[in-house]
Amino acid sequence: MLVLHNQTFIDRDEAVVDIEDRGYQFGDGVYEVIRYYDGQWFLLDDHLDRLQYSLNEAEIDFDVQVNNVKARLNDLIEHNHIQDGGVYLQITRGVAPRNHPYPDKQAPTLIAYPLNLKRPLDDQQNGIHTITAKDFRWLRCDIKSLNLLGNVMTKQKALNAGASEAIFYRDEIHVTEGSSTNVFIVRDGTLVTHPADHYILNGITRRYLLNLADKLNIPYQIEVFSLNTLKQADEVFVTSTSAEIKPVVSIDDKKIGDGTPGTITNTLLEHYFDDINITKLPEDV
Ligand SMILES: *Cc1c(COP(=O)(O)O)cnc(C)c1O
């Protein structure tokens, strides 16, 4: 496997992390996971736009366009002969003697390599079991930051409980998102999902879904909902680049609907794969 390191490609075995890379020491960096389906990128431009957003908000001085990231990612796909899967891309503030303040001379570190992503067909057919968990993360969840300690601890909590995802809540009346996904509910035929603010990561799949709902004339509301509303919903599903759309069939051992994937969720899922040639969402929803 060939790995992109800044502007050059190196063998996976030669790709090593400097012990003073700020990504390694402070989680001082941002990342993206991007899908590649059947020889084509899926929503690549939107991922690159969000990468630039995360970089700007984290005050990491790196311009995605100037640094030809898109061309390098195309090279990465080509060098590794990828037909289906994805890539992981991260940019850190770079290598400097360990000290909290930003280093004077920032030379960000970029790495990208192929991910062997598969369609999660079993979960999509059967639905997934979830738990709810207190959202104890920081208040800049809009940045796709490398600091995932709260997310990984909570994901493990879900696995330990025999579930596969945790749904975060700040308090009883405020459900935010999943530990690595965005959360949607269906209530009386209307989709509801959390606003794109500092409490959640504004998923590209979330935005894709809202756009798809528009196309299919499925009404939606962007608003905060409670734990109670979540558990009483007709349907619940989670979205992300790797999960795509996964129906949720139970939350804290309570069945959602009749305990099988809902009809609106299944409709959205059916349309998802018709759309895999999309490279850019039409508008910023
Ligand atoms: C990446 C991520 C998502 C999903 O975003 P996509 O762009 O759809 O992959 C949702 N929540 C969190 C916390 C994430 O890190």
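Residues numbered from 1 in each chain as written. Predicted model: local features only at pLDDT ≥ 70, side-chain atom pairs only at ≥ 80, totals over all residues. Heavy atoms only, no water.

This brings us to a nonpolar patch on the surface. Together, Phe136, Leu148, Leu149, Val152 and Met153 make up an exposed nonpolar region whose accessible area comes to about 490 Å². Residue Val152 is classed as partly exposed on the basis of its relative accessible area, which comes to 48%. (Patch = residues over 30% accessible without salt bridge, like charges linked within 9 Å, V, L, I, M, F, W, Y side chains within 5 Å. Areas by Shrake-Rupley, 256 points an atom, 1.4 Å probe, with all protein chains shown as cover. Salt bridge = Lys/Arg side-chain N within 4 Å of Asp/Glu carboxyl O. Buried < 20%, exposed > 50% of the residue type's maximum accessible area, 1.4 Å probe, protein only.)

The subject of this paragraph is the site of the ligand. As a structural note, the neighbourhood of the ligand is formed by 17 residues, with Arg50, Lys144, Ile204, Thr205 and Thr241 the closest of them. A distance of 2.8 Å separates an oxygen atom of the ligand from a polar atom in the side chain of Arg50. Between the ligand and Ile204, the relevant distance is 2.8 Å, taken from an oxygen atom to a main-chain nitrogen or oxygen of the residue. When isolated, the ligand has an accessible area of 380 Å², and the protein chains bury 92% of it. If you list the elements that add at least two residues to the shell around the ligand, you get helix H2 (44-57) and helix H6 (204-215). Each residue belonging to the shell around the ligand can be placed in one class, and the counts come to three nonpolar, 10 polar and four charged. Residue-level mapping places the shell around the ligand at the junction of two domains, with at least three residues from each of domain 1 (2-115) and domain 2 (121-270). (Near = heavy atom within 4 Å. Polar contact = N/O pair within 3.5 Å; in protein donor to acceptor, adjacent residues only side chain to side chain. Helix = DSSP H or I, 4+ residues; strand = E, 2+ residues; numbered from the N terminus. Nonpolar A, V, L, I, M, F, W, Y, C, P; charged D, E, K, R; others polar. Domains from an automatic or database assignment.)

This paragraph deals with the packing of aromatic side chains. Scanning all chains against the criterion turns up 10 aromatic pairs. With centroids separated by 5.5 Å and ring planes inclined at 80°, the aromatic side chains of Tyr208 and Tyr272 adopt a geometry described as edge-to-face. Of this pair, Tyr208 sits in helix H6 while Tyr272 is found in helix H8 (residues 263-272), placing the two residues 64 residues apart along the sequence. Neither Tyr208 nor Tyr272 differs from the other in exposure class; each is buried. Members of the aromatic cluster, connected to one another through ring pairs, are Tyr37, Phe42, Tyr208, Tyr272 and Phe273. Above the ring of Tyr102, the side-chain terminus of Arg93 is found at 3.7 Å from the ring centroid. The residue whose ring lies beneath Arg119 is Phe273, and the NZ or CZ to ring-centre distance is 3.7 Å. (Phe/Tyr/Trp six-rings, centres within 6.5 Å; stacked < 30°, edge-to-face > 60°. Lys NZ or Arg CZ within 6 Å of the ring centre and 35° of its normal.)

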